[in-house]
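So the chains spell out like this:
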Amino acid sequence: MSTISLEPKTLVAENNQVVNESVNFLNHDHSVSSWLLSLDHKRIGILYLVTITLMFLLGGILAGVVRLELLTPKGDFVASDTYNKSFTAHGIIMLFFFLIPSIPAVLGNFVIPLMIGAKDVAFPRLNLLSYYLYLIGGVIALTALLLGGVDTGWTFYTPFSSTYSNSYVSVMAIGLFVVGFSSILTGLNFIITIHRMRCPGLTWFRLPLFIWALYATSVVQLLGTPVIAVTLGLMVVERTLGVGIFDPRLGGDPVLFQHLFWFYSHPAVYIMILPSLGVISEVIATFSRKNLFGYKIMAFSSVSIAVFGFIVWAHHMFTTGMSPYAAMVFSLLTFSVAIPSGIKVFSWLATMYNGSISYETPMIYAFGFLGLFTVGGLTGLFLATLGTDIHLHDTYFVVAHFHYIMVGGAIMGYMAGIHYWWPKITGKLYSQFWGRLSAGIIFIGFNLTFFPQFFLGYLGMPRRYHEYPDEFQVLNVFSTAGSSILAIGYIMPLFYFGHSFFFGEKADDNVYGATTIDWTSTTSPPSPHNFEKTPVVTEEPYHFRLKESAVVSH
Amino acid sequence: MSATNELVKDAGHAHHHKDLAHHFDTLEQQHDANLLGMWAFLLTEVLFFGGLFAAYTIYRYKYSAVFEEASNHLDIKLGALNTVILILSSLTMALAVRCSQTGNGLWTGNWLVLTMVFGFAFLGVKSMEWGHDYKVRLMPGKDFFWWQYAKAAKDMHTHGGGHELPDMKNVKSDTNPELGVKGRQESEQARLFYLLYFCMTSLHALHMIVGFGIITIITYYAYKGAYSPDYYSPVENIGLYWHFVDIVWIFLFPLLYLLGAHLVH
Amino acid sequence: MATDHPAHQPASLSSYFITFGLLMFLTILTVYVGFQNLGAWSTPIALGIAVIKAALVVTIFMHGLNSGPLTWVIILASMFFLTIMLGLMLSDYVSRGWIM
């Protein structure tokens, strides 16, 4: 394995940078192989950043196809088959190749060792392997799309996927199988890192909440992902052998597929949202200059969301003919997820109360997150209620609900995180004006896109059809118009971040006066081995009252 | 190779100790992290097999009568023999780990080789069983045939025909309308049992084959004397993996082979 | 953290051989029990024996006995989540028949 030969180089760089301050992880070695075969968690994080940004653009273009088609009631922009393949590809790319790796693989990889005072993650080679599994999985999935795509919807419901669909379901399933292993190995790496690599004095209740959130996320990745892997495997077996596992015509049970599928895919929602909750905790504490209200209960609420996530899955299946008694239990359990989520929202509000709030770009994104996550969470309760779910199931209400959670929640959190750690990652400042503007445009565009969809769903417009009755057109035009504004908001950061990277003002080591050790004990950008000497932690993570005099504003 | 690289960490680092990777502070921290990593991986594996066990549980509940009947056509003797072989290989693996703890590279390697020998014996028996299933058309595919076979086998039991199997070449297909709805359903349910049987045993066998690859590498390093009381976590980790594979079989054996044993008498 | 050695004492050889003997005995037992007509009890008993066998492998062969609490958290978590998955799925299928 050629990565081994890199080790001496890195060590040399480490020895040099003691005398030369300006050596950092970005400039200590410029060769292509030093990036592509890097074992440095920071460089691997950046590899992920570049790759998932490309995936996000691809998924966004496919969303554009869907929205353009829905501009008019007739199916006149693309054929119905193309439409089916577009929303399927949009879902698969956005979920498996963007949202699930977004915060953990990019920000988690970059920040976890910095936040816990470690030189690297516990298994650097495994980390690089995860990236390449992600890449291989991505290539296989894109191959499936180029061959002709998949038309099953991202949920692969049987027996359509296993018997009737003539699209490239098996190829796609193999791609997702591979990318699933990437996700598992990343989660495993983070769990061991957080358990075994913390610096002296960093007890569990001194960990920043971002670490708690990623810990909970990793547990879900470890427990849930293998189940989807084996489920997709069974689907492919049924498809290739033509024997009944899930096909009722051949003695199988299609509801069992849904049970197995949602055993992973509901917790997967928490893989996407939990890291965002962690980012928002960091951002709100830092820009309110206050200790986070209810730190311990916030930490526990992350873990309990992860555990609760595993006992609610059948709320996706209330209309399948499952047992009404089991449905009642699942409905009740689903309501219980609202408790830790509510605790989080109230704790953030209480943190901001009487805080010394500054309106930096990450904070604007966090404000957007608070509003959208709350709407998304509360509309989830409509769907968890057995009676209303019968009416709303598989309508645009559901589409609006989960976009409020996944775009309004998870992506807003990701954007907040990228803006928050950008000066740490690159050592450069970006334009606050353009940053705030993009946050505002995304917030407006998002609401314009998805709020009308609640009405559409309530009025009865089903999801996954490329035609609809004329009376739904006005709301659909609003939605499509909003999506174009949303697209502008998402493209803007590419420009001002690009500008910042090449021409930006140099950032201080701790631009915001934050209190966690990723900011206080490393340079911006960090040196190849993170810390000059191992930090020792003596205080809780957000000790702003103690540091009041030392606060630096810019 | 990369996956095993975490396990087979070769001595390429030159900080305090030849076996200590640069990002760890102490050997104990490194040992703990490696060990915990393996346990966490096994947690994933439990859920990986868990998906199949869930499918088994549900269909067993729904189609219990046919499942018991179908289970009866697996060879309990060979299943029990394989259980013994696999537990033997677990014993030799435990002894290999113990020798690596005391720094005995030669016997670490020897016990590992013996573990692989037992492993191959297990797969040999397994493939004999699969070959037999293929011959009598119990392989779950389009060619699967159950209804007539079950009847013939039942007749043989009652008439004491021994283990000779009926000639399957000219029998009708399971989709034959003569069978009626009930016959077709039973055939499908039996096929489901055999499908789960093949999925579970072949996933199990796949884990053993992956295990062979890693054990081979570790055996090589063990004979080279790479492991010492300071650094033996690769041997311990492959041991954990192998014992896990053993545990899976410990559950598969009664669930697949012994399900309908009581019907024989 | 204080010492620079993993320093795990190897377990005694006899413990491995006794465990092996027990596993053999339990294998014979499970085959014997399998041939008895125990009705609804046959699967719980077979699974019970399998759990005991697995517990022996985990505690002795896999050194669970000498491992830290975190290892046990992982072992119990795997059992917990497996139970959740099987139990809640089965709850759906079992209670379907209850409705009139």
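Note that this is a predicted model, so its numbers are computed, not measured. (Residues numbered from 1 in each chain as written. Chains lettered and ligands numbered in written order. Predicted model: local features only at pLDDT ≥ 70, side-chain atom pairs only at ≥ 80, totals over all residues.)

A word on the overall build of chain B. Scanning chain B for helices and strands turns up eight helices and zero strands. Listed N to C, the secondary structure of chain B is α-α-α-α-α-α-α-α in terms of helices and strands. Per-residue burial over chain B gives 51% buried out of 265 residues. A separation threshold of at least 6 residues defines the contact pool for chain B, and within that pool the share at least 24 residues apart is 78%. (Helix = DSSP H or I, 4+ residues; strand = E, 2+ residues; numbered from the N terminus. Buried ≥ 20, exposed ≤ 12 C-beta atoms within 10 Å, placed from the backbone. Contact = placed C-beta atoms within 7 Å.)

Helices and strands together make up the secondary structure of chain A, namely 17 helices and zero strands. The C-alpha atoms of chain A give 23 Å as radius of gyration, which agrees with the globular expectation for 554 residues (24 Å, within 12%). Expressed as lengths along the three principal axes of its C-alpha atoms, the size of chain A is roughly 70 × 55 × 45 Å. When each of the 554 residues of chain A is scored for burial, the buried share is 59%. The contacts of chain A with a sequence gap of at least 6 include a subset with a gap of at least 24, amounting to 84%. (Rg over C-alpha atoms; globule rule 2.2 N^0.38 Å.)

A few words on the interface of chain C and chain B. Chain C puts 39 residues into the contact, and the matching count from chain B is 42 residues. Listing elements by their share of the side of chain C that touches chain B, those giving two or more residues are helix 1 (13-35), helix 2 (42-61) and helix 3 (69-95) of chain C. Counted by class, the side of chain C that touches chain B contains 26 nonpolar, eleven polar and two charged residues. (Nonpolar A, V, L, I, M, F, W, Y, C, P; charged D, E, K, R; others polar.)

A separate point is the interface of chain A and chain C. Every contact between the two is made by twelve residues of chain A and, on the other side, twelve residues of chain C. Elements that contribute at least two residues to the side of chain A that touches chain C include exactly helix 9 (254-288) and helix 11 (324-352) of chain A. For the side of chain A that touches chain C, the leading source of residues is helix 11 of chain A, giving three residues. Considered class by class, the residues forming the side of chain A that touches chain C number nine nonpolar, three polar and no charged.

All names here are of chain A. For the bond running from Thr-158 to Pro-159, omega is 0°, close enough to zero to count as cis. Among the structural elements, Pro-159 can be located in the loop between helix 5 (124-147) and helix 6 (160-164). The omega torsion across Ser-524 and Pro-525 is -10°, close enough to zero to call that bond cis. Residue placement: Pro-525 occurs in the segment after helix 17 (517-520). Its identity is not glycine, yet Arg-464 carries a phi of approximately 70°, on the positive side.

Before going further, it helps to examine helix 10 (residues 295-308) of chain A. Residues and elements named next belong to chain A. For helix 10, spanning 14 residues, the distance from its first C-alpha to its last is 20 Å, which sits close to the expected 20 Å at 1.5 Å a residue. Regarding helix 10, the residues found buried are Tyr-295, Met-298, Ala-299, Ser-301, Ser-302, Ile-305, Ala-306 and Phe-308. Tucked into the core, helix 10 has its buried residues touching helix 8 (209-241), helix 9 and helix 11. (Expected span 1.5 Å × (residues − 1).)

Moving on, we get to the nonpolar core. With 285 residues, the main nonpolar core has Ile-211, Ala-366 and Ala-416 of chain A together with Ala-40 and Leu-196 of chain B as its most contacted residues. For this core, the element with the most residues is helix 9 of chain A, which contributes 22 residues. Counting contributing residues per domain, this core is built from domain 1 (11-66) and domain 2 (68-100) of chain C, each supplying no fewer than three. Residues in contact with Ala-416 of chain A, not counting those within four places in the same chain, are Val-279, Ile-280, Val-283, Pro-362, Tyr-365, Ala-366 and Phe-369 of chain A. (Core = buried A, V, L, I, M, F, W, Y, C linked by C-beta atoms within 7 Å. Domains from an automatic or database assignment.)

This paragraph deals with the confidence of the model for chain A. Mean pLDDT over chain A: 91, with 94% of residues reaching 70 or higher. Every residue in residues 1-20 of chain A scores below 50 in pLDDT, and together they form 26 contacts with partners more than four places removed in sequence or on other chains. (pLDDT = per-residue confidence, 0-100.)

Turning our attention to the packing of helix 2 (residues 27-62) of chain B against helix 3 of chain C. The interhelical angle for the contact between helix 2 of chain B and helix 3 of chain C, taken along N-to-C directions, is 20°, at an axis separation of 9 Å. When the interaxial angle is binned, helix 2 of chain B and helix 3 of chain C end up roughly parallel. The hand of the helix 2 of chain B/helix 3 of chain C crossing is right-handed. For the contact of helix 2 of chain B with helix 3 of chain C, the per-class residue count stands at 20 nonpolar, four polar and one charged. (Axes fitted to C-alpha atoms, helices over the stretch in contact; angles between N-to-C directions. Parallel < 35°, antiparallel > 145°, perpendicular 65-115°, else oblique. Left-handed = near helix turned anticlockwise from the far one by under 90°.)

Residues and elements named next belong to chain C. Interaxial distance between helix 1 and helix 2 falls to 10 Å at its minimum, and their mutual angle equals 170°. Between helix 1 and helix 2, the interaxial angle falls into the category roughly antiparallel. Residues Ser-15, Tyr-16, Thr-19, Leu-22, Leu-23, Leu-26, Leu-29, Thr-30, Val-33 and Gly-34 of helix 1 touch helix 2, and the partners they reach there are Ser-42, Ile-45, Ala-46, Ile-49, Ile-52, Lys-53, Leu-56, Ile-60 and Phe-61. Taken together, the residues that form the contact of helix 1 with helix 2 break down as 13 nonpolar, five polar and one charged.

A few words now on the environment of Thr-240 of chain A. Along the chain, Thr-240 of chain A turns up in helix 8. Along the primary structure Thr-240 of chain A and Ile-411 of chain A are separated by 171 residues, whereas in three dimensions their C-alpha atoms are 37 Å apart.

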